[in-house]
There are 2 protein chains.
Amino acid sequence: MTTPTPLSPTDRSTIRRGKHRAVTERAALHAVLDAALVCHLGVVVDGAPLVLPTGFGRDGDRMFLHGSTGARSLREAATGVPVCVTVTVLDGVVYARSVFDHSMNYRAAVVHGTAVPITDPEEKTHALRLLTEHIAPGSWDYARRPTAKELAATSVLALDLTEASVKIRSGPPGDEDEDVRAGEKWAGVLPLHSAWGKPEPDPTLVGEWDVPPHVAQRAGTPYA
Amino acid sequence: MTTPTPLSPTDRSTIRRGKHRAVTERAALHAVLDAALVCHLGVVVDGAPLVLPTGFGRDGDRMFLHGSTGARSLREAATGVPVCVTVTVLDGVVYARSVFDHSMNYRAAVVHGTAVPITDPEEKTHALRLLTEHIAPGSWDYARRPTAKELAATSVLALDLTEASVKIRSGPPGDEDEDVRAGEKWAGVLPLHSAWGKPEPDPTLVGEWDVPPHVAQRAGTPYA
């Protein structure tokens, strides 16, 4: 057993608003990142922010970001500029007695750092395997592996999970005492549930196909 | 009937990668924004990007962003600096015959601009009503309305939807012809379905309560 490194070692990754919702364990950061399939990658382009949804994977205390070599956000991020990667999972809507205390239940992770392009083919293949297995578990072994040309056309960046924060809101509303005492309004949470549906075979498949186990087994299971 | 203003009037909101996935109708932008409850607000702080999940609402061709007056991203965004707001809905995982053509089905909207703080109490109340009704339809009329003090503690920013882009991927994988012809692998889409669950009443409610219709009716309905 190793002692987990606490998060929030820097000023900008220290949560000030809603401190009671800040989570400082590294395991919580990993859990949020592992739960979601899409992150939001922020870079600065010509002095303005650019935020784009991006696929990712995780390898211990590093995350991999993935995209086409032509994608602007990844191209910018690969130049050694600061990036911010945010992963958010929405868990429900919090119906309070007052409009003011309405809220959302969510899990959010924010990672600050500098992304590093992965160019070594072996390391890139390792990163792509983790990315693929994060998005589509089982596909790395099932599908045709990337050719050298495809590998070259794929951009993979690595980002250390050193500077990060996690914020989680869960549970019932936090109404004002007098609203609770008044007893005039219902309050509670409407949870949001996400799950994988029924596989939709590609219309170009010829003949009869069984859905492969890695896809069939995911159907019906919860997401995030 | 008015002719909708096309999107992408600027260089940075013109999609270059995956052009065939770019959608240029304003109605598509509205539809993506209306589907999701959380946006990712990007601002530049000390030269580095900061991306935080934020609640929002829409009023025609403006969106409202919402948070505590203490939230750093909103405080920065309120100073007239450029912002980028991105809304992403994940619709499924695309299992291709090759790892390279694996993908995700999604709807994403990216808005660039300068956010303007709303300070006029009447306008702020209007914005908060739209924000509340976006997140919790029916709550504005049901719950206790904000007091002047609560209104003052809430920060609302407006952002014009002038400079925006929409990108949507849907449908089956786009495998290489030779992978399709080889006929060796299954391919298809595993859709992701999100829906509102069963209301969870606040444990501090005293006595017997019916779940109010605006909450009860949402339960079981799809999200996004």
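Note that the coordinates shown come from a computational prediction; the quantities given were computed from them, not determined experimentally. (Residues numbered from 1 in each chain as written. Chains lettered and ligands numbered in written order. Predicted model: local features only at pLDDT ≥ 70, side-chain atom pairs only at ≥ 80, totals over all residues. Heavy atoms only, no water.)

Here we look at the overall build of chain A
Helix and strand counts for chain A come out as seven helices and eleven strands. Taking the intrachain contacts of chain A between residues at least 6 apart in sequence as the baseline, contacts between residues at least 24 apart amount to 72%. Only carbon and sulfur atoms are counted for the fraction: they give 53% of the accessible area of chain A, which is about 9900 Å². Placing the 23 positive and 27 negative side-chain charges of chain A at their respective mean positions leaves the two points 3 Å apart. (Helix = DSSP H or I, 4+ residues; strand = E, 2+ residues; numbered from the N terminus. Contact = heavy atoms within 4.5 Å. Areas by Shrake-Rupley, 256 points an atom, 1.4 Å probe, with all protein chains shown as cover. Lys, Arg positive; Asp, Glu negative; His and termini not counted. Charge placed at Lys NZ, Arg CZ, Asp CG, Glu CD.)

Things to note about the interface of chain B and chain A
Facing the 91 residues of chain B at the interface are 90 residues of chain A. Summing both sides of the interface, chain B and chain A together bury roughly 7300 Å²; the carbon and sulfur share of this comes to 68%. Between Asp202 of chain B and Arg97 of chain A there is a salt bridge, and its shortest N-O distance comes to 3.0 Å. The tally of links from chain B across to chain A stands at 32 residue pairs in polar contact (both at pLDDT 80 or more). Each residue belonging to the side of chain B that touches chain A can be placed in one class, and the counts come to 51 nonpolar, 22 polar and 18 charged. (Buried area = accessible area lost by both parts, 1.4 Å probe. Salt bridge = Lys/Arg side-chain N within 4 Å of Asp/Glu carboxyl O. Polar contact = N/O pair within 3.5 Å; in protein donor to acceptor, adjacent residues only side chain to side chain. Nonpolar A, V, L, I, M, F, W, Y, C, P; charged D, E, K, R; others polar.)

A look at the domain arrangement of chain A
The extent of an interface is frequently quoted as the accessible surface area lost upon association of the parts. Residue and element names in this part refer to chain A. As far as domains go, chain A holds domain 1 (19-187) and domain 2 (193-224). Look at where the C-alpha atoms of domain 1 and domain 2 centre, and you get two points 24 Å apart. Tallying the contact residues gives 13 residues for domain 1 and seven residues for domain 2. Around 670 Å² of area is buried between domain 1 and domain 2 when both sides are counted, 55% of it from carbon and sulfur atoms. When the area that domain 1 buries against domain 2 is broken down by residue, the three leading residues are Leu37, Pro137 and Tyr142, summing to 55%. Applying the counting criterion to the domain 1 and domain 2 interface returns zero salt bridges. (Domains from an automatic or database assignment.)

Let's talk about the pairing of strand β5 (residues 82-95) of chain B
Each regular strand shows side chains that alternate between the opposite faces of the sheet. Residue and element names in this part refer to chain B. Of all 14 residues that make up β5, twelve are buried, and the element is covered over most of its length. Looking at chain direction, strand β2 (residues 38-45) and β5 are connected through three bridges and run antiparallel. Bridged to Leu41 within β5 is Val85. Looking at chain direction, β5 and strand β6 (residues 103-114) are connected through twelve bridges and run antiparallel. Across the sheet, the residue bridging to Cys84 is His112, located in β6. Relative to strand β10 (residues 188-196), β5 is paired through four bridges, and the arrangement is antiparallel. What sits directly across from Tyr95, in β10, is Gly188. (Buried < 20%, exposed > 50% of the residue type's maximum accessible area, 1.4 Å probe, protein only. Pairing = 2+ DSSP bridges.)

A short note on the side chain of Ser98 of chain A
Relative to the helices and strands, Ser98 of chain A resides in the loop between β5 (82-95) and β6 (103-114). Taking relative accessible area as the criterion, Ser98 of chain A reaches 0% and is therefore assigned buried. Ignoring anything within four residues of it in the chain, the contact list for Ser98 of chain A reads Asp175 and Asp179 of chain A together with Ala143 and Arg144 of chain B.

Some points on the relation of the copies chain B and chain A
In this structure, two copies of a chain are linked by a rotation about an axis accompanied by a shift along it. Of the transformation superimposing chain B on chain A, the axial component is 0.0 Å and the angular component is 180 degrees, with the fit at an RMSD of 0.0 Å. Each copy turns onto its partner about a two-fold axis. No C-alpha of chain B lies nearer the rotation axis than that of Ser194 of chain B, which sits 2.0 Å from it. Interface residue correspondence from chain B to chain A reaches 99%, placing this contact among same-surface, isologous pairings. (Least-squares fit on C-alpha atoms with pLDDT ≥ 70 in both.)

Here we look at helix α3 (residues 121-135) of chain B
Its 15 residues place the ends of α3 of chain B 21 Å apart at the C-alpha level, agreeing with the 21 Å of an ideal helix rising 1.5 Å per residue. Of the positions making up α3 of chain B, those classed as buried are Lys124, Ala127, Leu128, Leu130, Leu131, Thr132, His134 and Ile135 of chain B. (Expected span 1.5 Å × (residues − 1).)

Thoughts on the environment of Arg97 of chain A
Secondary-structure assignment places Arg97 of chain A in the loop between β5 and β6. Residues Arg97 of chain A and Asp175 of chain A lie 78 residues apart in sequence; the distance between their C-alpha atoms is 6.3 Å. Apart from the residues lying within four places of it in its own chain, the contact partners of Arg97 of chain A are Asp175, Asp179, Val180, Lys185, Trp186 and Ala187 of chain A together with Ala143, Arg144, Asp202, Thr204 and Leu205 of chain B.

Here we look at unusual backbone geometry
All names here are of chain B. In this structure, Asp46 is a non-glycine residue whose phi angle is positive, near 50 degrees. Here Asp46 shows up in the loop between β2 and β3 (48-59). Phi at Ala224 takes a positive value of approximately 60 degrees, unusual for a residue other than glycine. Relative to the assigned elements, Ala224 resides in the segment after α7 (213-216). Residue classification places Ala224 among the partly exposed residues on the basis of a relative accessible area of 37%.

Description of the pattern of salt bridges
Pairs may arise between side chains of opposite charge once their charged atoms sit close together. Tallied over the entire structure, the rule returns 18 salt bridges over all chains. Linked through salt bridges whose partners overlap, the residues forming this network are Arg97 and Asp175 of chain A together with Asp202 of chain B.

Re the packing of aromatic side chains
A complete count under the given rule lists two aromatic pairs over all chains for this structure. Relative to Tyr223 of chain A, the ring of Trp196 of chain A has its centre 5.6 Å away and its plane inclined at 85 degrees; by these criteria the two rings are edge-to-face. With a gap of 27 residues between them, Trp196 of chain A in strand β10 (residues 188-196) and Tyr223 of chain A in the segment after α7 (213-216) connect regions that are remote in the sequence. Each of the two residues, Trp196 of chain A as well as Tyr223 of chain A, counts as buried. Across from the ring centre of Trp196 of chain B, 4.3 Å away, lies the NZ or CZ of Arg218 of chain B, which sits over that ring. (Phe/Tyr/Trp six-rings, centres within 6.5 Å; stacked < 30°, edge-to-face > 60°. Lys NZ or Arg CZ within 6 Å of the ring centre and 35° of its normal.)

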